[in-house]
Amino acid sequence: MIESIKYNLANLGNFSGRDSRPTFWWYVLFLFVVNFVIGMVVSLPMAVTAFSSSFEAVQSGVDPENFQASFVDNLTESMRTQMWISVIFGIAMAGLLAASFVRRLHDSGKPGWIALIAIGLYVGSLIFNLINLDSMMESMRVAMDATDPTAMIRGQTDLYAYSAMTYIAYLIIIIFGVLDTQRGPNQYGDEPDYN
């Protein structure tokens, strides 16, 4: 695992050659863990702030309707900040994955431009969500409104729709990332040492 991480970090700009499945997937696991840890480090303090503000409102005697509105407002504002941070780290993660995914495509005999589709969808999704941030926040408010179950479902459906391009990008990476190694040399180079 450590060898795969070192190799991929040393070859961030190398879009030629081939990467075996284990090399690619160990690196993807590393990026996933880094992304998860960063997400937790960023989101926990924001969630704690949102919850503590809401609890302070309850202690000061706010009625239940105003409490819910205050809680949702605090949480959605935290989510707005988190979204900006997610876009920055998401683009960085896409950059860290690009060359490795191209080399993995080469290993299975596929052209590297397929990586442009997955990474383009992912980055496009981040930018689309950022452009539509106010609309997303409204969908989140609607999804948290426990007084209207129909509106909750509509809000949740809208939020899933905002994530659709991201899921398609993940699916492309998974499908092409698990393809068998093309045995022997191919047009992209010699077969990697280990598979």
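Scroll up to find the structure this text is about.
In this text the structure is predicted, and so the values were computed from the model without any measurement.

## Regarding the overall build of the protein chain
Helix and strand counts for the protein chain stand at 6 helices and 0 strands. Starting at the N terminus and ending at the C terminus, the protein chain contains elements arranged as α-α-α-α-α-α. Relative to all contacts within the protein chain whose residues are 6 or more apart in sequence, the contacts with residues 24 or more apart total 75%.

## Focus: the packing of aromatic side chains
One pair of aromatic rings is described through two measures. These are the centre distance and the angle between the planes. Overall, the coordinates contain 5 aromatic pairs when judged by the stated rule. For the ring pair Tyr122 and Tyr170, a centre distance of 5.9 Å and an interplane angle of 35° mean the geometry is tilted. Taken together, the residues span a long stretch of sequence, with Tyr122 in helix α4 (residues 114–131) and Tyr170 in helix α6 (residues 149–177) at a distance of 48 residues. Judged by relative accessible area, which is 14%, Tyr122 ranks as buried. Classification of Tyr170 as partly exposed rests on a relative accessible area of 38%.

## Structural notes on a nonpolar patch on the surface
A contiguous nonpolar patch, built from Met1, Ile2, Trp26, Leu29, Phe32, Val33, Phe36, Val37, Met40, Val41 and Leu44 and spanning about 1000 Å² of accessible area, is present on the exposed surface. Mapped onto the elements of the fold, Val37 is located in helix α2 (residues 21–59). Looking at Val37, the relative accessible area reads 44%, which means it is partly exposed.

## Considering the pattern of salt bridges
Summed over the entire model, instances satisfying the criterion amount to 5 salt bridges. The closest approach of N and O atoms between Arg103 and Asp19, which form a salt bridge, is 3.0 Å. With Arg103 in helix α3 (residues 64–107) and Asp19 in the loop between α1 (2–10) and α2, the pair connects residues that are 84 residues apart, well separated along the chain. Side by side, Arg103 and Asp19 carry an identical accessibility label, which is buried. Notably, a salt bridge pairs Asp180 with Arg21, separated by 3.2 Å at the nearest N-O pair. Of this pair, Asp180 sits in the segment after α6 while Arg21 sits in helix α2; the two residues are 159 residues apart in sequence, bridging distant segments of the chain. Among the residues examined, Asp180 registers a relative accessible area of 54% and is labelled exposed. We classify Arg21 as partly exposed; its relative accessible area is 30%. The structure contains a network of salt bridges with shared partners spanning Arg18, Arg104 and Asp107.

## Thoughts on the layout of surface pockets
Volume-wise, the largest pocket comes out at about 1300 Å³. Residue lining of the largest pocket: 39 residues in total, with Asn35, Tyr122, Leu126, Thr166 and Tyr170 positioned closest to the centre. For the lining of the largest pocket, the secondary-structure elements that each account for two or more residues are α2, α3, α4, α5 (133–143) and α6. It is α2 that provides the largest number of residues to the lining of the largest pocket, a total of 11 residues.

## A word on α1
All of the buried residues along α1 are Ser4, Ile5 and Asn8. Buried residues in α1, looked at end-on, bunch into an arc of 95°, giving them a common side. Among the exposed residues of α1, those pointing more than 90 degrees away from its buried face are Ile2, Glu3, Lys6 and Ala10.

Each value, and the rule that gives it
- Residues numbered from 1 in each chain as written.
- Predicted model: local features only at pLDDT ≥ 70, side-chain atom pairs only at ≥ 80, totals over all residues.
- Heavy atoms only, no water.
- Helix = DSSP H or I, 4+ residues; strand = E, 2+ residues; numbered from the N terminus.
- Contact = heavy atoms within 4.5 Å.
- Phe/Tyr/Trp six-rings, centres within 6.5 Å; stacked < 30°, edge-to-face > 60°.
- Buried < 20%, exposed > 50% of the residue type's maximum accessible area, 1.4 Å probe, protein only.
- Patch = residues over 30% accessible without salt bridge, like charges linked within 9 Å, V, L, I, M, F, W, Y side chains within 5 Å.
- Areas by Shrake-Rupley, 256 points an atom, 1.4 Å probe, with all protein chains shown as cover.
- Salt bridge = Lys/Arg side-chain N within 4 Å of Asp/Glu carboxyl O.
- 1 Å grid on protein atoms, 1.4 Å probe; cavity = no way out; pocket = protein on both sides within 12 Å on 5 of 7 lines; lining within 4 Å.
- Points joined across faces, edges and corners; volume = space filled by probe spheres on them.
- Arc of directions from axis to C-beta.

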